[in-house]
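Reading the structure
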Amino acid sequence: MALLPLLLVVMVAEPPPGLGFSLPLQRPAECGRSRYFDVSRLACGPCGLNQAPSAGGSSCECQPGFRMVSNNGGSSVVCEKCPENMSGVTQDGWSCIKCPKGLTSEGKCKCLINEVLVERSVDGVLLNEALCIRCNGSEPSFSASDVLGNRCVRCEQTFINVSKSCDCSSPNILTGGLCFSATESLPPKAIATVRFGQIGVTLTSAWFLKNLQASASACWLHSNLTACQALGNMCVMNMNSLSSSSTDACGLFQYIYANTARLGIVHSIAYWRHNLPWLYYGDQPGLASQVLETNHFPTVFSFKGKNKDIKLRFIAASYDAAGNFLQWQSLEGGILQLCPDTQTKLNAAYVFGTTYEQSCKISVSKILLDFPNPIFYDLFLEYNGDNGQQYLWAVPVLNLDLQYREMYVNQGSNMNNWLLTRRFFLVDALSGKENDMGKLPRVIRVASKISINVRLVSHTQRGNIYPPLITIAYTDVLVQNPDTESVMVSFSVNYEMNQSEAQIQTDITLGVLGGLAVLWSLLKTAGWKRRTGSSVIDLQTVLKFLLFYAGDLANVFFIITVGTGIYWLVFFKAQQFVSVFLPLPSQEKPFVTYIACAFSLKALQFLQLLVSQLTIDIFFIDWERPKGKVLKAVEGKGAVKSAAAPVSIWRTYFIANEWNEIQTVRKINPVFQVLAVLFFLEVVGFSNLALMDSSSSLTRSSDSYIAPWSRILRFGVSAALWLAIAFLQIIFFAVFYERFVEDKLNQFVDLCCVSNISVFILSHSCFGYYIHGRSVHGHADTNMEEMNMNLKREAENLCSQRGLLPNTDGQTFQISISRKMRLQYDRIHETLTRRRGPARFLDSSANTFEQSTRAYNAMNKFLSSFIDHVHKEMDYIVKDKLLLERILGMEFMEPIEKSIFYNDEGHSFDDVLYYGNETTLLIFDILFFSIVDLASQSFVLAAILTYLQQEIFRFIRNTVGQKNLTSKTLVDERFLI
């Protein structure tokens, strides 16, 4: 017990400083020829005298000519030299013995072929001299030594059949451990080479050299089933080479196939010869399309309902390289998937309608460890017949590395030129070996890309499919350093249907709507020409038409893409019996192109809209008149004079600020829009509807397989949410918020009337908008008491109505002014802006501020007198627009002599604000969001960037719009807040 404290102290003592818990790394291969690898220390240790490391390297053994006296493992071995007359060592290494026929390199006794080494008597007594007993190869024994030379066994049957003994002497032919008579008609002499075309290596395969000729001869002469399967496997390892001038594995297979037609076929399949494996479908042109499209698979698939069938029951017959049948194997469990994953995710590959993709990088060392010998598969799809009997449907294979005949080279991807095969393998680490000594193969061949393609029968409404096709691409790897080399592998299951009809319908729709867009753009251009007061078709007119057409064509593309996305979303996710499959990623390219075109054209329209709103002409007409007179000092004379009392400018500043605030008001809340869309996509789970699977659930289990995204569904889901949420927002603001809480535009019109300020806007040369804000009380520059009294009188209908015309309420108008009116406006406006022009145009005799003030007063007087019908030569009339004029958005009457004021019964002046262009802004936001999402596959990033672009353009619209407002109305920018 006294030692216990000391032991505890030793156990808890800290390691020496600087050492910690590290140790040097040593590998068994680094121990050399005189040391072994000590598994207890994980380090190399020295072997004793007359010792060498064992074959495994983890212990020592006696050198040749020495026997073991004791052996406790590792280096605990004691050796003793054998006497000169007994220089051999027994097979177990413990005794010395005399060897009459010499020694092996290990110092053991050796015997001749067909002789068995005997070192002990029947009762186990060690003999002084080893015996080499010859096996009796004559009848009736027919025995020969086994591979290890330990005992006599019956020799191979071909020896007995040919020579009636176990000797295959000349002129008989010995090949691959089989004996054939020289008088028999043997197949041509085999070429045991394998070509790895990707890396340009051709080598003589040890496996082929040993077994090819023997398998071909046994298959040809004796119809040996295993030999025929082995021959077929070697043809598959040689990539189904079809060179008619060669006697490689496939050449010998074709030779036997062509000369055994008398044996008949299997299961009424013309390409499956009796006794032979089924390797090819035939090489007739057009055969592939017949195999893949003539007959549909006799099972109905459905996504929903009590008869739901969403499993593809693939089953494979597996063989080893020697031709032995191994077992029937279901593909569930990941037999064909080289990448590791959970069982649930691996099995998801065979859920009908779920697009499956898996890829990873695997080291060559792991491949060699997991696949030391190739396994060959014949794939079938299982189904139940009407009588309940289970049947198998053969699945054809398209080997992309197939060595075609010259007639097939460079024929493209046309299905009629495909050459279909049957058997395949995942990894071949056997044919690339140049010797049988167990060393690494020089080259391995790996199935780096496996794809199962399921095609829907055209116009089916009951879930019928054509036979699936498995497409395989192999990669040749030159093995140099397995630990550092790796191979990229992938496995996928794709579902496709003929999209040509849908593409034709899309093209027709695009053509029809595109033609209508041309007509609509021509009408817009005609209306624009009327509003600019010009009738000459010039370059500007052509450019304007192109801009109109860009916006309308963007709407066409948007309608088509949204319709397409929602169509696939509804019809694919909601179908019971399968009638449609989603387009493949390669088939989505036209759709993505349409979205890109829509975004580009809509961006052009949006920028044109932004520029037009930032360059409008606007002026605030102040109807307030002076109240009385005031005394005013005369500058430079020291005298005073009577003058009209000045009118307050604060009302104009106030209206200008309100106008500035409503410039970027929209019918929806953009921030809420983005957040709501993102919430429904990522939190509620609507994004899961964009997965390429048949499930319409909004949630997915964390351990379940997540199918790849469909770009069409992503656009369809996001666009549908954008439109739905925007529509609900518009309904909410129009029905509830603007009616019971706040209507900014109508409030602005009311504010103009209360402030006794009218707004005159020209969006075109001869077209614009007018807000009649003339107070019915004659003045607005008053105190609080009088203001309240005026509002009370107005509420009790004790005063006239606010409308421009007597006894009307119409305050907002679309105006089409005459050319004479526009010229007069420009003449006065020129003096408004001259103070910002070059110095040589300024009146040096007058103060710039006074000049601007006079110009402002002149414009205010001119426009107020114009509204009051003072200028008979520039008079106007008020009328209602025709229904067709409202629909087309243009005016039929040209204002030649008199301007025309059109009642709009609303606030059409919002056309020069964000508010009146919500459709354009909303579509631009949707397309921007979609473009970012399609590029990044991230709804979160798309939402963030969409919000940022909204804020950036809103800032530009506010900032530049404010400067334009200052420039056109002479409102000092310092008073705009």
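Residues numbered from 1 in each chain as written. Predicted model: local features only at pLDDT ≥ 70, side-chain atom pairs only at ≥ 80, totals over all residues. Heavy atoms only, no water.

1. Some thoughts on the state of the cysteines
Applied cut-off: Whenever a pair of cysteine sulfur atoms sits within 2.5 Å, that pair is classed as a disulfide.
Under the counting rule described, the total for this entry stands at ten disulfides. Shown here is the disulfide that connects C219 with C228, its sulfur atoms set 2.0 Å apart. Judged by the sign of its S-S torsion, about 100 degrees, the bond between C219 and C228 is right-handed. In this structure C752 is not part of a disulfide, and its nearest cysteine sulfur, from C753, lies 8.6 Å away.

2. What about the UniProt feature "transmembrane region" (unreviewed entry) in the chain?
Just so we agree on the cut-off: UniProt positions are given in the numbering used here, feature names are shortened, and annotations may be inferred rather than shown by experiment. The helix count covers DSSP runs of H or I at least four residues long, the strand count covers runs of E at least two residues long, and both are numbered beginning at the N terminus.
In the numbering used here, UniProt assigns the feature "transmembrane region" (unreviewed entry) to residues 546–571, 671–692, 712–736 and 921–948. Taken as a whole, residues 712–736 contains 100% helix and 0% strand, while its terminal C-alpha atoms sit 35 Å from one another. Secondary structure over residues 921–948 splits into 93% helix and 0% strand, and the C-alpha atoms at its two ends are 14 Å apart.

3. Focus: the packing of helix α12 (residues 650–662) against helix α15 (residues 744–755)
Cut-off, in case you're wondering: Lines fitted to C-alpha atoms define the axes here, with helix axes fitted over just the stretch in contact, and angles between the N-to-C directions of these axes take values from 0 to 180 degrees. Angle categories: roughly parallel below 35 degrees, roughly antiparallel above 145, roughly perpendicular from 65 to 115, and oblique for all the rest. Throughout, a residue-residue contact means that at least one pair of heavy atoms, one from each residue, lies within 4.5 Å. Each residue is assigned to one of three groups, with Ala, Val, Leu, Ile, Met, Phe, Trp, Tyr, Cys and Pro labelled nonpolar, Asp, Glu, Lys and Arg labelled charged, and all others, Gly among them, labelled polar.
The contact between α12 and α15 brings their axes to 11 Å, and the two run at 170 degrees. The orientation of α12 with respect to α15, classified from their angle, is roughly antiparallel. Here R651, F654, I655, E658, W659 and I662 of α12 come into contact with α15, specifically with K744, F748, L751, C752 and S755. Class assignment of the residues belonging to the contact of α12 with α15 gives a composition of seven nonpolar, one polar and three charged.

4. A few points about helix α5 (residues 249–258)
This is how the line gets drawn: The buried label goes to any residue with under 20% of its type's maximum accessible area, the exposed label to any with over 50%, and the partly exposed label to all in between, with areas taken from a 1.4 Å probe on protein chains only.
Of the residues making up α5, those classed as buried are A249, C250, G251, L252, F253 and I256. Those residues of α5 that are buried lie in contact with α3 (206–222) and α4 (225–237).

5. Some thoughts on empty space enclosed by the protein
Rolled over the atoms, a probe as big as a water molecule pinpoints where empty space is left. Defined as follows: Whether a set of points on the 1 Å grid over the protein atoms alone is a cavity depends on a 1.4 Å probe fitting there but being unable to get out, while an open set qualifies as a pocket with protein on both sides within 12 Å along at least five of seven lines; lining residues are those with an atom within 4 Å of a point. Grid points are joined across faces, edges and corners, and a volume is the space filled by probe spheres set on the points.
Per the stated rule, a full pass over the model turns up five cavities of 30 Å³ or more. By volume, the largest cavity is sized at about 80 Å³. Around the largest cavity, the lining is made up of 13 residues, and of these C753, V754, S775, H777 and M787 lie nearest the centre. Of all the secondary-structure elements, those providing two or more residues to the lining of the largest cavity are α15 and α16 (784–795). Among the elements that make up the lining of the largest cavity, the one with the highest residue count is α16 (four residues). Along the lines of polarity and charge, the residues of the lining of the largest cavity split into six nonpolar, five polar and two charged. When its volume is computed, the second largest cavity comes out at roughly 50 Å³. In the lining of the second largest cavity, the residues fall into five nonpolar, two polar and no charged.

6. A look at the pattern of salt bridges
The criterion, for reference: A carboxyl oxygen of Asp or Glu within 4 Å of a side-chain nitrogen of Lys or Arg is what we treat as a salt bridge.
Throughout the structure, instances matching the rule amount to 28 salt bridges. Between D370 and K366 there is a salt bridge, with the nearest N and O atoms lying 2.9 Å from each other. Of this pair, D370 and K366 both sit in helix α8 (residues 364–370), four residues apart, which is roughly one turn of the helix. Taking relative accessible area as the criterion, K366 reaches 38% and is therefore assigned partly exposed. For the salt bridge of R445 with D476, the shortest nitrogen-to-oxygen distance reads 2.8 Å. Note that R445 is positioned in strand β27 (residues 443–455) and D476 in strand β28 (residues 469–478), a separation of 31 residues in sequence. Of the two residues, R445 and D476, neither departs from the other in class, the shared state being buried. Salt bridges sharing common partners tie together D617, R822, D826 and K968.

7. Notes on the packing of aromatic side chains
Basically, it comes down to this: Pairing of aromatic rings covers Phe, Tyr and Trp, the last through its six-membered ring, and needs centres within 6.5 Å; plane angles under 30 degrees mean stacked, over 60 mean edge-to-face, and all others mean tilted. Distance and angle both matter: a charge sits over a ring if NZ of Lys or CZ of Arg is within 6 Å of the ring centre and within 35 degrees of the ring normal.
Going through the model one piece at a time under the given rule, you end up with 60 aromatic pairs. For the pair F301 and F352, a centre-to-centre distance of 4.1 Å together with 10 degrees between the ring planes defines the contact as stacked. Remark: F352 occurs in the loop between α7 (343–347) and β21 (356–363) and F301 occurs in the loop between α6 (287–293) and β19 (314–320); sequence separation between them is 51 residues. For the ring pair F352 and F581, a centre distance of 5.6 Å and an interplane angle of 55 degrees mean the geometry is tilted. You can see F352 sitting in the loop between α7 and β21 and its partner F581 sitting in the loop between α10 (539–574) and α11 (589–613), a full 229 residues away along the chain. The class of F352 is buried, set by a relative accessible area of 0%. With a relative accessible area of 1%, F581 lands in the buried category. When the ring centre of F380 is taken as reference, the NZ or CZ atom of R422 above it lies at 4.6 Å. Directly above the ring of F767 sits R531, whose terminal nitrogen or CZ lies 3.6 Å from the centroid.

8. Quick notes on the nonpolar core
Note the following rule: Remark: nonpolar core denotes a set of buried residues (Ala, Val, Leu, Ile, Met, Phe, Trp, Tyr, Cys) joined through side-chain atoms within 4.5 Å.
In terms of nonpolar packing, the biggest core is built from 149 residues, with F352 and I470 touching the most fellow members. In contact with F352, not counting residues within four places along its chain, are F301, F303, I310, K311, L312, V454, I465, Y495, V578, F581 and S694. Core analysis: the next-biggest nonpolar cluster, separate from the first, contains 26 residues, I616, W659, V665 and V759 among them.

9. So, unusual backbone geometry
Leaving glycine out, the prevailing phi sign among residues is negative, and the prevailing peptide bond configuration is trans. Its identity as a non-glycine residue notwithstanding, N50 has a phi of 60 degrees, on the positive side. Note on placement: N50 falls in the loop between β2 (43–46) and β3 (51–53).

10. Examining the sheet that holds strand β34 (residues 767–771)
To keep it simple, the criterion reads: Two strands are counted as paired when DSSP detects at least two bridges linking them.
Ordered in space as β30-β33-β34-β35-β37-β36, the six strands form an open sheet in which the pairing is mixed. Each having just a single partner strand, β30 (617–622) and β36 (876–880) make up the two edges of the open sheet. Neighbour-to-neighbour, the strand axes of this sheet turn through a mean angle of 25 degrees, independent of strand direction. Sheet topology places β36 next to strand β37 (residues 899–903); five bridges connect them, and they run parallel. Residue pairing across strands places V878 opposite F901, the latter belonging to β37.

11. So, the confidence of the model for the chain
Threshold: Predictor confidence is given residue by residue as pLDDT, running from a minimum of 0 to a maximum of 100.
Of all residues in the chain, 91% have pLDDT values of 70 or greater, and the mean over the chain is 85. Residue range residues 403–412 is modelled with pLDDT below 50. Its contacts to residues more than four positions away, or to other chains, number 19 contacts. Predicted confidence is poor over residues 837–846, with pLDDT under 50, and the contacts of this stretch with residues over four places away or in other chains come to five contacts.

12. Brief notes about the pairing of β34
Of all five residues that make up β34, five are buried, and the element is covered over most of its length. Across four bridges, the pairing between strand β33 (residues 757–762) and β34 is antiparallel. Bridging across to β34, L762 finds its partner in G768. As consecutive antiparallel partners, β33 and β34 are separated by four residues. Here β34 runs beside strand β35 (residues 812–816); their pairing, made up of five bridges, is antiparallel. Bridging across to β35, I771 finds its partner in T812.

13. Thoughts on the environment of L25
Looking at where L25 falls in the secondary structure, it is placed in the loop between α1 (3–12) and β1 (35–38). Owing to a relative accessible area of 64%, L25 belongs among the exposed residues under this scheme. Between the C-alpha atom of L25 and that of I173, which follows or precedes it by 148 residues, the distance is 54 Å.

14. Here's the deal with the environment of I725
Relative to the assigned elements, I725 resides in helix α14 (residues 711–741). Since its relative accessible area comes to 8%, I725 is described here as buried. The contact partners of I725, leaving out residues within four places of it in the chain, are F672, Q673, A676, V677 and F680.

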